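# Residue-level structural notes
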Amino acid sequence: MAKFDVAVIGAGAAGMMCAATAAQRGKRVVLIDHATKLAEKIRISGGGRCNFTNINAGPANFLSENPHFCKSALSRYTAADFVALVKRHRIGYHEKHRGQLFCDDSAEQIIDMLKDECAAGDVHWRMPCKVSSLAQADEGGFLLQTDTGDIEADSVVIATGGLSIAKIGATDFGYRIAEQFELRMVEPRPALVPLTFDPQQWAPFVEMSGIALEVDVETGSFKGRNPTGGRFREDLLFTHRGLSGPAILQISSYWTPGTPIVINLIPELDLAATLIEGKGTIKKQLGNVLSQWLPARLAEGLLLAHGFALDARLADLPDAQLRKLGAAINQWTITPNGSEGYKKAEVTRGGVDTRELSQQSMMANKVPGLYFIGEAVDVTGWLGGYNFQWAWASGVAAGQAV
Ligand code: FDA
């Protein structure tokens, strides 16, 4: 029987960070993963360049049933701390958009850095290795049965991530362990995911596939002490089945099935007021007028979808019609019929209920020695490096506590 102080299950972003932190404190750590290729999600992240953190990361950039939970870990291991690690490993990086930091060369450099950090603490690896059971041992600690031999460990850290992209190794292992130890869950849902629409409702927009533009998008409620709504200004992309692009990925995390999203396709402009004011001076056809602010193909499609003739002249249209058109474009309100699901989702929203965990250490309150970190926990970041920052911060929090 192999004996360790700590067994970390899942050698992704959070698991490697946690294993390295604990091992460099002198703990004997084993890091277990069932995959044959290490850290595939880091490898494919940020288009192969890994958006490894966001310099503006703070609690407001995360969704959780308990929005305060992430504060402690995020404040004790910040984006600046991770940047310092990246610099120490001489990895070149650059800021792309709104504080998002990417490797200059390759995401592989982040994987190598984490491997080196694990090696610095002499972490033991079991990979590929399948854990068939995890149980509390009579004499304290845990017993793990695996296909490469049994393991005894004083503490176990679950870092097996969420459900997105099963083909590169995502499983519900973390959720099953939570269930086994009777820990509550927040229902998992695909997040940071393209949204789809009923094919009949979407038919007028199929032609617009490929069009991208900056929009305001919002969903949910902003009222009360715990507002559930989200609001973003980002690029939107029309697809054959619905909508994608950063604006939609962001809002998808806030979207609840059955409810609408509201898109302002020309955020800088009060369209109805501008059109009504321009009636006396603008002689053009409506399609030409709109194409000042929207891609021509989109302007035409929107006019047709809302029952306007393309050759209608602005001057001939009653104000009420122009107000209707203004609302249709400044407040385009549509209800998705679903999302592209876990195959396309960058992350899983929900997971192990944070009320079951210590915000300092990530340990389950009622199972001493059992920890949950990273995406397995009900803390979900916005698009833009926030999810990795949560993986690093929660990994360090548990790594310092085990
Ligand atoms: P992660 O998924 O990284 O690791 C879990 C590990 O557990 C895996 O190695 C898996 O093989 C292993 N595992 C699962 N089940 C197991 C079992 N039963 N037994 C043993 N091992 C098991 N975020 C960001 O901040 N910036 C970005 O640029 C991107 N880009 C991006 C692109 C794409 C395409 C995706 C899908 C996701 C992103 N993300 C991202 C999100 C980010 O990748 C994600 O939030 C983190 O990897 C989560 O880290 P974890 O360590 O929690 O899980």
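Residues numbered from 1 in each chain as written. Predicted model: local features only at pLDDT ≥ 70, side-chain atom pairs only at ≥ 80, totals over all residues. Heavy atoms only, no water.

## Concerning the overall build of the protein
Along the backbone of the protein there are 13 helices and 21 strands. For the protein, the share of sequence-separated contacts (at least 6 apart) that also reach a separation of at least 24 residues comes to 73%. Accessible area of the protein: about 17,600 Å², with a carbon and sulfur share of 49%. Averaged over its 39 positive side-chain charges, the protein has a centre that lies 3 Å from the centre of its 43 negative ones. (Helix = DSSP H or I, 4+ residues; strand = E, 2+ residues; numbered from the N terminus. Contact = heavy atoms within 4.5 Å. Areas by Shrake-Rupley, 256 points an atom, 1.4 Å probe, with all protein chains shown as cover. Lys, Arg positive; Asp, Glu negative; His and termini not counted. Charge placed at Lys NZ, Arg CZ, Asp CG, Glu CD.)

## A word on the pairing of strand E1 (residues 2-9)
Relative to strand E10 (residues 151-158), E1 runs parallel, the two being bridged by seven bridges. What sits directly across from Ala-2, in E10, is Ile-151. Two strands pair when backbone bridges link them, and E1 and strand E2 (residues 29-32) are joined in this way by four bridges, in the parallel orientation. Considered in E2, the bridge of Val-6 is made with Val-29. In this fold, E1 hands off to helix H1 (residues 13-24), which returns the chain to E2; that crossover is right-handed. (Pairing = 2+ DSSP bridges. Right-handed = clockwise from strand over helix to strand, strands pointing away.)

## Describing the site of the ligand
The immediate surroundings of the ligand are formed by 30 residues, with Ala-14, Asp-33, Thr-171, Glu-375 and Phe-388 found nearest. At 2.8 Å from an oxygen atom of the ligand is found a main-chain nitrogen or oxygen belonging to Ala-14. Where the shell around the ligand is concerned, the elements lending two or more residues are H1, helix H2 (40-44) and helix H13 (386-401). Ranked by residue count, the leading element in the shell around the ligand is H13, at four residues. Class assignment of the residues belonging to the shell around the ligand gives a composition of 13 nonpolar, 13 polar and four charged. (Near = heavy atom within 4 Å. Polar contact = N/O pair within 3.5 Å; in protein donor to acceptor, adjacent residues only side chain to side chain. Nonpolar A, V, L, I, M, F, W, Y, C, P; charged D, E, K, R; others polar.)

## Some thoughts on the packing of H1 against helix H5 (residues 108-120)
At a minimum axis distance of 7 Å, the contact between H1 and H5 shows a crossing angle of 25 degrees. One way to sum up the angle between H1 and H5 is to call them roughly parallel. As for how H1 packs across H5, the hand of that crossing is left-handed. On H5, the residues that touch Met-16, Met-17, Ala-19, Ala-20 and Gln-24 of H1 are Ile-111, Leu-114, Lys-115, Glu-117, Cys-118 and Ala-120. (Axes fitted to C-alpha atoms, helices over the stretch in contact; angles between N-to-C directions. Parallel < 35°, antiparallel > 145°, perpendicular 65-115°, else oblique. Left-handed = near helix turned anticlockwise from the far one by under 90°.)

## Some details on the pairing of strand E16 (residues 261-264)
Look at any regular strand and the pattern is simple: side chains alternate between the two faces of the sheet. Direction of pairing for strand E13 (residues 212-219) relative to E16: antiparallel, over a ladder of three bridges. Residue Val-217 lies in a different strand from E16, and its bridge partner there is Ile-263. Where E16 meets strand E17 (residues 332-334), three bridges bridge the pair, whose relative direction is antiparallel. Within E17, the position partnered with Ile-261 by the bridge is Ile-334.

## Here's the deal with the UniProt feature "domain: RsdA/BaiN/AoA(So)-like Rossmann fold-like" (unreviewed entry) in the protein
Following the UniProt record, the feature "domain: RsdA/BaiN/AoA(So)-like Rossmann fold-like" (unreviewed entry) maps to residues 5-400 here. Between the C-alpha atoms that bound residues 5-400 the distance is 13 Å, and the span itself is 30% helix and 23% strand. (UniProt positions renumbered as here; feature names shortened; annotations may be inferred.)

## Thoughts on unusual backbone geometry
Note the cis peptide between Met-127 and Pro-128, where omega equals 0 degrees. You can see Pro-128 is positioned in the loop between strand E7 (124-126) and strand E8 (131-136). At Cys-50, a position not held by glycine, the phi torsion is positive, near 55 degrees. Relative to the helices and strands, Cys-50 resides in the loop between H2 and strand E3 (51-54). On the basis of relative accessible area, Cys-50 is assigned to the buried category, the value being 0%. Even without being a glycine, Met-362 presents a positive backbone phi close to 75 degrees. Summarising the element assignment, Met-362 is placed in the loop between strand E19 (347-352) and strand E20 (370-372). Met-362 gets classed as buried once you look at its relative accessible area, which sits at 0%. (Buried < 20%, exposed > 50% of the residue type's maximum accessible area, 1.4 Å probe, protein only.)

## Quick notes on the layout of surface pockets
Approximately 520 Å³ is the volume attributed to the second largest pocket. For the second largest pocket, the lining is made up of 19 residues, of which Ser-64, Asn-226, Pro-227, Thr-228 and Tyr-254 are closest to its centre. When grouped by side-chain class, the residues that make up the lining of the second largest pocket number eight nonpolar, eight polar and three charged. Looking at the lining of the second largest pocket, you find at least three residues from each of domain 1 (2-188 + 349-401) and domain 2 (195-339). (1 Å grid on protein atoms, 1.4 Å probe; cavity = no way out; pocket = protein on both sides within 12 Å on 5 of 7 lines; lining within 4 Å. Points joined across faces, edges and corners; volume = space filled by probe spheres on them. Domains from an automatic or database assignment.)

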